[in-house]
Amino acid sequence: MKISTGKYMDRPLISGGEWDSKVIHKVMETLHNGETHYVDVPGNADLRVRIGAYLSAVGISKGGEILITAGIQEARFLTVQVLGKALGKIALPQVMHPGVREVLALRDLDCVLMEVGTDQRMLVPPAAIRDLSAGVKVLFIESPSRLTGACYAIEELDEIVSLCKKYDISIIVDSGLHAWIESPCDSSAAGLEIDDSIFMIGEAWPGSGIDELYIGYILASEDMIKKIATQKQVISICTSAPSQNGAIAVGIDYMQQHPQIVAAMKKKRIVLESILIDMGAKIYSSPVVNFIVIESTPVFQKKLEAAKVRFIDSTYFGKPGLIQLPVSEQAIDALQ
């Protein structure tokens, strides 16, 4: 079935599975100990350290502090809205996750949309940064792309960061899909040096089965985290202690479990791709394993709808003509 309402747009595309015993044990233990309400605004200190250490260990970033959010959507809201209001005009790609468009619709922001490249990656080329209109103070990009899974090459990302510093533009990078990359993506180990002008957002422990806990993060400098935390306390919400404690339990061995998570999803993707090819689908290449992008046709959409398979029309990302199909056992069983 086509997902067509904002109610579903900010949800993770695929659940990693049921909570395992360590998550349940940790949540119940802390509940019995009286941790039943909310934690400090920036989040549980242990969880913040674990997420920051993970991002550093896998080469995503260097330095900075973590602020815990109520999922990726709150991370989008706090960065896009707070920086857009505080700094000025914000530039965003024409093709982006529909959850970002929901953020833009909440309050008036001075924003401009940038055309993406003509290749299958659908990323804003670095050259477009040079052509930004005067007054742009914030740039939002996705790497990997939330539609295609494509990510910038290291030299491209370096050029973007360099141009942003030259023009005094702060940059928000949604890197949440990095954990679903089958093999090292060119920018997945970019090692961005976090300072007052660079922000990264994403979800905690993708594929671990805790999607329903809605744990996201913002990585920024210590000073900027303090400023965002102040705004979060005023305009947003704190995540619950049980949710964050469950995420702590997962974070203990996520690095060790991650290769198996990706490998298991890759096997499902291979099976689903084979089924789709037999059905006549044109598949777009992508480095991520948790969804497949295919060319959209009325006939193919009808086949998916008849099988009651969950998919997203790329129109909601700002680019019609494609279908994003989450990799799942349900999709495989329905289409076989």
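In short, a report on the structure. (Residues numbered from 1 in each chain as written. Predicted model: local features only at pLDDT ≥ 70, side-chain atom pairs only at ≥ 80, totals over all residues. Heavy atoms only, no water.)

Turning our eyes to something else, we now look at the overall build of the protein chain. For the protein chain, the helix and strand inventory stands at 12 helices and 14 strands. When the 336 residues of the protein chain are sorted by exposure, 54% land in the buried category. Considering only contacts in the protein chain between residues 6 or more positions apart, those separated by 24 or more positions represent 76%. With the model as given, the accessible surface of the protein chain reaches about 14500 Å², and the carbon-plus-sulfur share is 53%. (Helix = DSSP H or I, 4+ residues; strand = E, 2+ residues; numbered from the N terminus. Buried < 20%, exposed > 50% of the residue type's maximum accessible area, 1.4 Å probe, protein only. Contact = heavy atoms within 4.5 Å. Areas by Shrake-Rupley, 256 points an atom, 1.4 Å probe, with all protein chains shown as cover.)

One open sheet holds the 7 strands; their spatial order is E3-E10-E9-E7-E6-E4-E5, and the pairing between them is mixed. Either end of the sheet is taken by a strand with one partner, and the two such strands are strand E3 (65-69) and strand E5 (111-114). Pairwise comparison of adjacent strand axes, ignoring direction, gives a mean angle of 20° for this sheet. Where strand E9 (residues 198-203) and strand E10 (residues 216-220) come together, 4 bridges link them in antiparallel fashion. Pairing of Met200 across the sheet is with Leu219, part of E10. In the packing of helix H7 (residues 154-166) onto the sheet, the strands contacted are strand E6 (136-142), strand E7 (170-174) and E9, and the crossing angle to E6 comes to about 165°. (Pairing = 2+ DSSP bridges. Axes fitted to C-alpha atoms, helices over the stretch in contact; angles between N-to-C directions.)

Glancing now at unusual backbone geometry. Comment: phi is negative for the bulk of residues other than glycine, and the bulk of peptide bonds are trans. Geometrically, the link from Ser143 to Pro144 is a cis peptide bond, its omega value of 5° lying close to zero. Summarising the element assignment, Pro144 is placed in the loop between E6 and H7. Backbone geometry at Met122 places phi at a positive 60°, although glycine is not the residue there. Summarising the element assignment, Met122 is placed in the loop between E5 and helix H6 (126-130). Residue Met122 is classed as buried on the basis of its relative accessible area, which comes to 8%. Of note in the backbone geometry, Asp168 takes a positive phi value of approximately 60° without being a glycine. As for its position among the elements, Asp168 is in the loop between H7 and E7. In this structure Asp168 comes out as exposed when scored by relative accessible area, which is 56%.

Here we take up the packing of helix H3 (residues 45-57) against helix H9 (residues 241-251). One way to put it is that H3 packs onto H9 with a least axis distance of 9 Å and a crossing angle of 40°. Comparing the axis directions of H3 and H9 gives the class oblique. Crossing of H3 over H9 shows left-handed handedness. Contacts between H3 and H9 involve Asp46, Leu47 and Arg50 from the first element and Gln244, Ala247, Ile248 and Gly251 from the second. When its residues are assigned to classes, the contact of H3 with H9 shows 3 nonpolar, 2 polar and 2 charged. (Parallel < 35°, antiparallel > 145°, perpendicular 65-115°, else oblique. Left-handed = near helix turned anticlockwise from the far one by under 90°. Nonpolar A, V, L, I, M, F, W, Y, C, P; charged D, E, K, R; others polar.)

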